[in-house]
Amino acid sequence: MDSEEESFIRLFPPEGPQDEGSEGPEQLRREVERLKEFYSALEQDHAKLQIAEKAAEQKTQELKKELNKIFEQQLCLNGDEERACQIFAIKEENSRLRQEKQVLKNKLEELRVLWNDPVRMLSALPEKKMVFKGLTVNKDDMNKLMLTPLIRYPLPGGSALITFEEAKVAQRIIELREHTVELSCGELEELDQCRMQVKAVPVELLVPSALEIRLTQSSRSILVSNLPSLDISKDGLLDKLELFFSKTKNGGSEVESREFLEDSDQVVLTFTQDGVAEQLIEKGFIQVPIGKGTHKVKISPCMSADISNMQLQPSRCPRTVLLLGIPDVLSVESMRDALEIHFQKASRGGGEVDALAYVPAGRTGMAVFVEDTG
């Protein structure tokens, strides 16, 4: 309140005798106006009280924070610095765990959506150019295409993948589920022996069960193979091929683009005109001057493939086990050794370990699964 005149005090009726006829209409009108002013003053005081209450709450929160800081500083001053550091570390760890939990929830939700919709899962896969190589034994195999699976499996922090030599060992480890692993290492100075609890779960992968591919032959591109292995750069070889096939006397035309295919010694040449590629393909082989001599190169159709339909099915890795809940208490090498020693012992349900990969907490890894030909 700014002054007594703006407060409740000025709104009380004055003392003293009242004139006759004070109950007349004019007197009632003045009383109503006075009561209106009284009500307005109450509203203003109420608003001021609310503002003061919010300010007091904010001040209280600031004082609490300041007291916490003073408490931590006092612990340090009293010689209990280690405890204060532990409290601070616990707060930081709680904040980090909350953030990590939210990230994992988001990833889990994305995986659930993709799992229920294989079409969306297929569209989420990264694009990769592929060159199929193979040999046909007889005519019956001409329409068959063999695919070798190459599956990338993300590994969270605090986990390990163990592949055993025998599938029955992996199944036994999964059935036991909970495992107590002894950690006796020189890195643990205060304890002669320490133990940790880990959980063993199977590794489930989505593998193609049916695949339909639509092949399309390019009308303006050719595939040049059987190229010589000479002491010449790739760009130099591309320049010579472009120069040769751009001449009409060699059956070619203006070259629009040239490209070396990844992981192969084959070149794709694309012409600006239709029909040129078809005529060169009919020749099959052409003598091309490269370096100090001529070399016989092969001309083949350039095919592009699109996946028109693919069906996926879950498949369990028979010899591999995923371990979860591994604390970050040892170095990577020491933890890997401890896990391998534990799970090799037959007395604990283990057996011979073929491969082991460990990802410490706070990091992520990627495992690559290939077809088991053993």
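Up top is the structure.
This is a predicted model, so every value here is computed, not measured. (Residues numbered from 1 in each chain as written. Predicted model: local features only at pLDDT ≥ 70, side-chain atom pairs only at ≥ 80, totals over all residues. Heavy atoms only, no water.)

Engineer: Can you walk me through the nonpolar core in this structure?
Structural biologist: In globular proteins that are soluble, nonpolar side chains generally tend to be buried together. Ranked by internal contacts, the top residues of the largest apolar core, which has 23 residues, are F164, L323, I326, L339 and F343. For this core, the secondary structure elements donating two or more residues are β2 (159-164), α4 (167-176), β3 (178-183), β4 (194-225), β8 (293-324), α7 (332-344) and β9 (353-359). The residues contacting L323, other than those within four sequence positions of it, are G158, S159, A160, I162, K199, A200, L339 and F343. The next biggest cluster of nonpolar side chains, apart from the first, holds 22 residues, and it includes L241, A277, V288 and I299. (Core = buried A, V, L, I, M, F, W, Y, C linked by side-chain atoms within 4.5 Å. Buried < 20%, exposed > 50% of the residue type's maximum accessible area, 1.4 Å probe, protein only. Helix = DSSP H or I, 4+ residues; strand = E, 2+ residues; numbered from the N terminus. Contact = heavy atoms within 4.5 Å.)

Engineer: Got a minute to help me understand the packing of aromatic side chains in this structure?
Structural biologist: Two aromatic rings are characterised by how far apart their centres lie and by the angle between their planes. The tally for this structure, following the rule as stated, stands at 2 aromatic pairs. Ring centres of Y153 and F369 lie 5.9 Å apart, and the angle between their planes is 90 degrees; on these two criteria the pair is classed as edge-to-face. Here the residue Y153 occupies a position in strand β1 (residues 150-155), and F369 occupies one in strand β10 (residues 365-370), the gap between them amounting to 216 residues. For F369, a relative accessible area of 14% puts it in the buried group. Their ring planes at 85 degrees and their centres at 5.1 Å tell us that F244 and F245 sit as a pair that is edge-to-face. For the pair F244 and F245, a shared accessibility class is recorded, and that class is buried. (Phe/Tyr/Trp six-rings, centres within 6.5 Å; stacked < 30°, edge-to-face > 60°.)

Engineer: Would you explain the pairing of β4 in this entry?
Structural biologist: For a regular strand, side chains alternate in direction, first toward one face of the sheet and then toward the other. Two elements, β3 and β4, share 6 bridges in a ladder whose sense is antiparallel. Counted as the bridge partner of H179 is V198 from β4. Pairing of β4 with β8 involves 21 bridges; the strand directions are antiparallel. If you follow L205 over to β8, its bridge partner there is S315. Taken together, the 4 bridges between β4 and strand β6 (residues 267-271) define a ladder with antiparallel strand orientation. (Pairing = 2+ DSSP bridges.)

Engineer: What am I meant to see in helix α5 (residues 234-245) here?
Structural biologist: Residue pairs spaced three or four apart in an α-helix point in one direction, given the helix's 3.6 residues per turn. Under the 1.5 Å per step criterion, the end-to-end length of α5 is 16 Å for 12 residues, consistent within 8% with the ideal 16 Å. Turning to α5, its buried residues are G236, L237, L238, L241, F244 and F245. The inward-facing, buried residues of α5 contact β4, β5 (255-260), β6, α6 (276-283), β7 (285-290) and β8. (Expected span 1.5 Å × (residues − 1).)

Engineer: Would you explain the pattern of salt bridges in this entry?
Structural biologist: Where charged atoms from two side chains of opposite charge approach closely, those side chains can pair. All chains considered together, the criterion is met by 16 salt bridges. One salt bridge in this structure joins R34 and E31, with 2.4 Å as the shortest N-O distance. Of the two residues, R34 and E31 are both situated in helix α1 (residues 25-77); the distance of 3 residues between them amounts to about one turn of the helix. On the accessibility criterion, R34 (22% relative accessible area) is partly exposed. Here E333 makes a salt bridge to R336, at a shortest N to O gap of 2.9 Å. Residue E333 and its partner R336 are both found in helix α7; the two are separated by 3 residues, about one turn of the helix. By relative accessible area, E333 is classed as partly exposed at 47%. Taking the relative accessible area as the measure of exposure, R336 reaches 23% and is therefore partly exposed. (Salt bridge = Lys/Arg side-chain N within 4 Å of Asp/Glu carboxyl O.)

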